[in-house]
Amino acid sequence: MTDMTAAKPAVRVETPFQRFRAEFFESRIATAALIVFSSIVVLALLAPWITPQNPYDLGQVDVLDGRLPPGSEAFAGYTMWLGSDGSGRDLYSAILYGLRISLSVGVASGIIALAIGMMIGLIAAYMGGRIEAVIMRLVDLQLSFPASLVALMLVAILGKGVDKIILALVVAQWAYYARTVRGTALVERRKEYVEAAQCLGLSQTQVVFRHILPNCLAPLIVVGTVQTAHAISLEATLSFLGVGLPQTQPSLGVLIANGFEYLLSGRYWISVFPGLALLTTVMSINLVGDHLRDVLNPRLKK
Amino acid sequence: MTKPILEIRGVSKRFSKKLDIAGRLARRFGAAISEETVHAVDNVDLDIAKGEVLGLVGESGCGKSTLGRVVAGIHPASDGALLYEGRVITKKRSDKAATLAIQMIFQDPFASLNPRMRVEDIIGEAPRLHGLVAAAEIPAYVDDVMRKVGLDPTLKKRYAHQFSGGQRQRIGIARALAVKPDFLVCDEAIAALDVSIQAQVINLFMDLRKELELTYLFISHDLSVVEHIADRVAIMYLGRIVEIAATEEIFADPKHPYTKALLAEAPRLDQRKRDFTPVKGEIPSPLDPPPGCHFNPRCPMANDKCRAERPQLEEISPVRAVSCHHWRDA
């Protein structure tokens, strides 16, 4: 069916993007995941206006509100629908603020790692020879360590803080992007349209950036989505272990860690609600990423 | 013959596969591994006159495409020199005029167009980046080039995948013409097309030749096509030119045993042949070509001299050359 529509371009000019969009929304699960993820992003962005409490403002946090079960009324008068944690933070507010941190750390590290990995991968593919060998062995070395171990070591050296954890995540993840780009670029640069561009007297930079790179983007987008989800859970892992973000800037991982000590005493909500938020976020990104891979991979096309 | 526009002087192209660490180690311990070198093009001399169509014919793997790519500047030559209008252009092609003057038409109309670009960008990119046409005049220029190759300019916002094979090949031709070349290397440019479309594209080539005074190096394995459009034909075998002559002469009176074998096997309407006796044996591996004349293992006339001594391309008339020890006996 898709072939039939592609065969009649006379009716309507279909850009690759329009076709991609139509194919993406064919899957209900991926559409639902995209909607869930977009609502999470919107909620996180709107957090200061839709939450009753700013969990970073110590003046608004009251220790007397600590460990209240879901639905209790806070000292300040509002209802804590998801309960509160040990230091009296309203969990609903804390989760939305935590999402802001988790998402921005994940996305920032994802974009920086993508940019760095892409450049390194392109250099490896285009230069070849010894440069490629050195870069790719470095990538192999990096990928032979678990990403969480690399990030853990780096954070232990660098210390706490949002900027440091982003740096650690970039170092832990650039290699995935580099490997992906190099693989695709090697395939693309052998194609005749690249030879045609050389023949037309385009410079090496023009060939790489105008012809090879745009054709490497599809797999990069897929890897980027999945790796961003990975970065978010990695950050939560580090924060849970106590080496990630400080208590004053609670990300989802810090919130889960805070509730962990109360779990056996029956105060499940302190860990479980941030955990559910993390799960929903990571899963929705992964579902979107998986379906992107199906749509963008020509070999899986019907 | 008029002054040649392109002279190929002793051009060779070798591809070698360097040994990796494991291979070098194995060799140190006595394994019989050596670097593999393919002589894809082996000391080829050719002159192409302005306005002529030179057909380059040979079996798969004989190096004709590689020679075309060397001429088009995609591969640097390992040895020898290319002279364009008398100027040497072998080294890194800093000579932009010569680079743009020689353009290539590719075999695969699907792989040779960037799938992420619109037709107007595919055609207009090079003239814009090289400043051949003022930016404001690019749209009109692209329309003009598209009309020249028989494409409807209203389709220029489309992507390559929305066109048929013949139309894509026209886009490829338009892309080459957009930089105002004098010389086109057509590498099996019609082999991937349907026969009816082939005829259209050949006619397009011939019309453009008249209109723009183009010179062609027309690489093909299809003798009937070459006979139709070429002024002269060069036959290539395993990296070497074995015979070169005017088209009528080579088809009427081939001198080299390989040319004879090729022509004898081409299906022709006027002969109504039923039996075909293919050239015996396979084309030898270019990794390990036979010594002497490359054709000797398959040649009915081969003797000890053929196995030992490489025949030179010998001029047997002012416009005809053959590389065989026995051409007089033939």
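Everything numeric in this text was worked out from a predicted model, so none of it was measured. (Residues numbered from 1 in each chain as written. Chains lettered and ligands numbered in written order. Predicted model: local features only at pLDDT ≥ 70, side-chain atom pairs only at ≥ 80, totals over all residues. Heavy atoms only, no water.)

Examining the overall build of chain B
And step 1. Across its full length, chain B carries 11 helices and 12 strands.
And step 2. The C-alpha radius of gyration of chain B comes to 22 Å, within 12% of the 20 Å expected for a compact globule of 330 residues.
And step 3. Viewed in the frame of its principal axes, chain B has a C-alpha envelope of about 65 × 60 × 40 Å.
And step 4. In chain B, 66% of the contacts between residues at least 6 apart in sequence involve partners at least 24 apart.
And step 5. In the structure as shown, chain B presents an accessible area of about 15,400 Å², 52% of it carried by carbon and sulfur atoms. (Helix = DSSP H or I, 4+ residues; strand = E, 2+ residues; numbered from the N terminus. Rg over C-alpha atoms; globule rule 2.2 N^0.38 Å. Contact = heavy atoms within 4.5 Å. Areas by Shrake-Rupley, 256 points an atom, 1.4 Å probe, with all protein chains shown as cover.)

Remarks on the interface of chain A and chain B
And step 1. Contacts between chain A and chain B engage 23 residues on the former and 31 residues on the latter.
And step 2. The tally of links between chain A and chain B comes to 3 salt bridges.
And step 3. A salt bridge links E125 of chain B to R210 of chain A; the nearest nitrogen and oxygen atoms lie 2.6 Å apart.
And step 4. Elements represented by at least two residues in the side of chain A that touches chain B include exactly helix 2 (16-24), helix 8 (192-199) and helix 9 (204-240) of chain A.
And step 5. For the side of chain A that touches chain B, the per-class residue count stands at 11 nonpolar, 6 polar and 6 charged. (Salt bridge = Lys/Arg side-chain N within 4 Å of Asp/Glu carboxyl O. Nonpolar A, V, L, I, M, F, W, Y, C, P; charged D, E, K, R; others polar.)

Here we look at unusual backbone geometry
Outside of glycine, negative phi angles account for most residues, and trans bonds account for most peptide bonds.
Residue and element names in this part refer to chain B.
And step 1. Backbone geometry places E188, a non-glycine residue, at a positive phi of 50 degrees.
And step 2. Structurally, E188 can be placed in the loop between strand 7 (183-187) and helix 7 (195-212).
And step 3. Among the residues examined, E188 registers a relative accessible area of 7% and is labelled buried.
And step 4. Even without being glycine, E213 reaches a positive phi, approximately 55 degrees.
And step 5. Topologically, E213 is positioned in the loop between helix 7 and strand 8 (215-220). (Buried < 20%, exposed > 50% of the residue type's maximum accessible area, 1.4 Å probe, protein only.)

Looking at the confidence of the model for chain A
Residues and elements named next belong to chain A.
And step 1. Averaged over every residue, the pLDDT of chain A is 86; residues scoring 70 or more account for 93%.
And step 2. Confidence, read as mean pLDDT per element, is least for helix 1 (residues 2-7) in chain A (42) and greatest for helix 3 (residues 28-50) (93).
And step 3. Contacts for the low-pLDDT stretch residues 1-11, under 50 throughout, to residues beyond four places or in other chains number 3 contacts. (pLDDT = per-residue confidence, 0-100.)

Section: helix 10 (residues 252-260) of chain A
Residue and element names in this part refer to chain A.
And step 1. Across the 9 residues that make up helix 10, a large majority, 7, are buried.
And step 2. Burial in helix 10 covers these residues: L252, G253, V254, L255, I256, N258 and G259.
And step 3. Elements that come into contact with the buried residues of helix 10 comprise helix 4 (91-127), helix 9 and helix 11 (269-296).

Some words on the pattern of salt bridges
Oppositely charged side chains can pair when the atoms bearing their charge come close.
And step 1. Scanning the entire structure with this criterion turns up 25 salt bridges over all chains.
And step 2. For the salt bridge of R307 of chain B with D304 of chain B, the shortest nitrogen-to-oxygen distance reads 3.6 Å. Here the residue R307 of chain B and the residue D304 of chain B both occupy positions in helix 11 (residues 304-308), the gap between them amounting to 3 residues, near one helical turn.
And step 3. Relative accessible area serves as the criterion here: at 61%, D304 of chain B is assigned to the exposed category.
And step 4. Linked by salt bridges that have partners in common, E192 and E195 of chain A together with R69 and D187 of chain B make up one network.

Digging into a nonpolar patch on the surface
Residues and elements named next belong to chain A.
And step 1. Together, I29, F240, L241, F260, L263, L264, Y268, V272, L276, L279, M283 and L287 give the surface a local cluster of nonpolar side chains, amounting to about 1,200 Å² of exposed area.
And step 2. When residues of the nonpolar patch are assigned to their parent elements, the largest contribution, 5 residues, is made by helix 11.
And step 3. With respect to the helices and strands, the residue L287 is situated in helix 11. (Patch = residues over 30% accessible without salt bridge, like charges linked within 9 Å, V, L, I, M, F, W, Y side chains within 5 Å.)

Describing the sheet that holds strand 8 of chain B
Residues and elements named next belong to chain B.
And step 1. Spatially, 8 strands are ordered 6-7-8-3-9-10-12-11 in an open sheet, and the strand pairing comes out mixed. The open sheet is flanked by strand 6 (102-105) and strand 11 (314-317), the only strands paired with a single partner. Here the strands of the sheet are splayed against their neighbours by 25 degrees on average, with no regard to which way each runs.
And step 2. Pairing analysis gives 4 bridges linking strand 3 (residues 53-57) to strand 9 (residues 232-237), with the strands arranged parallel. The partner of L54 across the bridge, within strand 9, is R232.
And step 3. Relative to strand 6, helix 6 (residues 165-177) is tilted by about 175 degrees, and along the sheet it contacts strand 6 and strand 7. (Pairing = 2+ DSSP bridges. Axes fitted to C-alpha atoms, helices over the stretch in contact; angles between N-to-C directions.)

A look at the pairing of strand 6 of chain B
Residues and elements named next belong to chain B.
And step 1. Residues I102 and M104 point to one face of strand 6 and Q103 and I105 to the other, with burial holding for every one of them.
And step 2. Across 4 bridges, strand 6 lies against strand 7 in parallel orientation. Considered in strand 7, the bridge of I102 is made with F183.

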